[in-house]
Amino acid sequence: RQLDPYTASYAADLAQVLTALGLAENREEDLARARDLAREAARAEPYNPQVRAALSLVYLLQGYVDEAVAEAEAVVRANPWDVGAWEQLGRAYVGGAQYYSRFGYEQDAQRLLEMALKLPERVEEQAARRRPEIPWQGPALRVTPALRLVYGQAAYLLGRPGEAAAALEVAYKDKSLAREAAPWLAAALTRDGREEEAREVLRLY
């Protein structure tokens, strides 16, 4: 770090490494240092989406769920046309909800899951604001299979298996997401009374 003290991405990467080490070895000093580094990186490059996403991940892994979600929302505000930022926000919602649920904070978990369900609508509303004169070189903003995965996970965790299965089937058909979507889809189909379809999904994966 002393060799390149102004590179925010270096601090963000180091923060993630220290988080992994701190969690593995239960060292609070590493976790605290990781949070400090991540905040430093975000202050140095507040409009760098990779840096802000790294900060969100550090917070989420350490259980600072509201901070993780706030950072993911900040990435979306800074890059509203970047579909990857919206996908990362969805993962923060679902990951945060699972963390809260694990420790019995069901109301907080439900709040995040309901926010995840609203993501497709938010993306469509943002996409409708697109004007041809606004330059954008990345993929078009749309409701992607990854966002359908998030929606399906949230619907399943909220006890809406039929709705979850419909969204998860879209994600499952995407080769890059099939392995991640398969267990969620099988669980949703089973809860929806479609055991044979669930077995077929699990047979393939």
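This structure is a prediction, so every number in the text was calculated from the model and none was measured. (Residues numbered from 1 in each chain as written. Predicted model: local features only at pLDDT ≥ 70, side-chain atom pairs only at ≥ 80, totals over all residues. Heavy atoms only, no water.)

### Quick word on the overall build of the protein
Here is the rule we go by: Note on conventions: DSSP H or I runs of at least 4 residues are helices, E runs of at least 2 residues are strands, and numbering of each starts at the N terminus. Using C-alpha atoms as the atom set, the radius of gyration is obtained and then compared with a globule rule of 2.2 Å times the number of residues to the power 0.38. The cut-offs for exposure are 20% and 50% of the maximum accessible area for each residue type, with area from a 1.4 Å probe on protein chains only; residues under the lower value are buried, those over the upper are exposed, and the others partly exposed. Contact definition: two residues touch when any of their heavy atoms are within 4.5 Å.
Tallying secondary structure elements over the protein gives 11 helices and 0 strands in all. Each helix and strand of the protein, ordered N terminal to C terminal, gives the series α-α-α-α-α-α-α-α-α-α-α. Computed over its C-alpha atoms, the radius of gyration of the protein comes to 18 Å, within 12% of the 17 Å expected for a compact globule of 205 residues. Each principal axis of the C-alpha distribution contributes one length, and for the protein these read about 60 × 50 × 35 Å. Counting all 205 residues of the protein, 45% fall into the buried class. Contacts in the protein between residues far apart in sequence, at least 24 positions, make up 53% of those at least 6 positions apart.

### Points about the packing of helix H1 (residues 8-25) against helix H2 (residues 28-44)
The following threshold applies: Here, axes are lines fitted to C-alpha atoms. For helices the fit covers the stretch in contact, and angles between N-to-C directions go from 0 to 180 degrees. Any angle that falls under 35 degrees is termed roughly parallel, while one over 145 is termed roughly antiparallel, one within 65 to 115 roughly perpendicular, and all others oblique. Definitions for this section: a left-handed crossing has its near helix turned counterclockwise from the far helix by less than a right angle. A right-handed crossing has that turn clockwise. In the scheme used here, Gly and all other residues not listed as nonpolar or charged are polar, with Ala, Val, Leu, Ile, Met, Phe, Trp, Tyr, Cys and Pro taken as nonpolar and Asp, Glu, Lys and Arg as charged.
Running from amino to carboxyl end, H1 crosses H2 at an angle of 160°, the nearest separation of the two axes being 8 Å. In terms of their interaxial angle, H1 and H2 are classed as roughly antiparallel. Pair H1 / H2 crosses with left-handed handedness. In contact with Ala 8, Ala 11, Ala 12, Leu 14, Ala 15, Leu 18, Thr 19, Leu 21, Gly 22 and Leu 23 of H1, H2 contributes Asp 30, Leu 31, Arg 33, Ala 34, Leu 37, Ala 38, Ala 41 and Ala 44. Across the contact of H1 with H2, the residue classes break down as 14 nonpolar, 2 polar and 2 charged.

### Topic: the environment of Asn 26
As for its placement among the helices and strands, Asn 26 is situated in the loop between H1 and H2. Given the relative accessible area of 72%, Asn 26 is considered exposed. Separated by 12 residues in the primary sequence, Asn 26 and Leu 14 place their C-alpha atoms 17 Å from one another.

### Concerning H2
As a reminder of what qualifies: A helix is expected to span 1.5 Å multiplied by its residue count minus one. Read the arc as the range of directions from the helix axis to the C-beta atoms.
Look at H2: 24 Å from first C-alpha to last across 17 residues, which is about the 24 Å you get at 1.5 Å a residue. Of the residues making up H2, those classed as buried are Asp 30, Leu 31, Ala 34, Arg 35, Leu 37, Ala 38, Ala 41 and Ala 42. Seen from one end, H2 has its buried residues packed into an arc of 165°, which puts them on one side. Residues of H2 that are exposed and angled more than 90 degrees away from the buried face: Glu 29, Arg 43 and Ala 44. Contact partners of the buried residues in H2: H1 and helix H3 (49-62).

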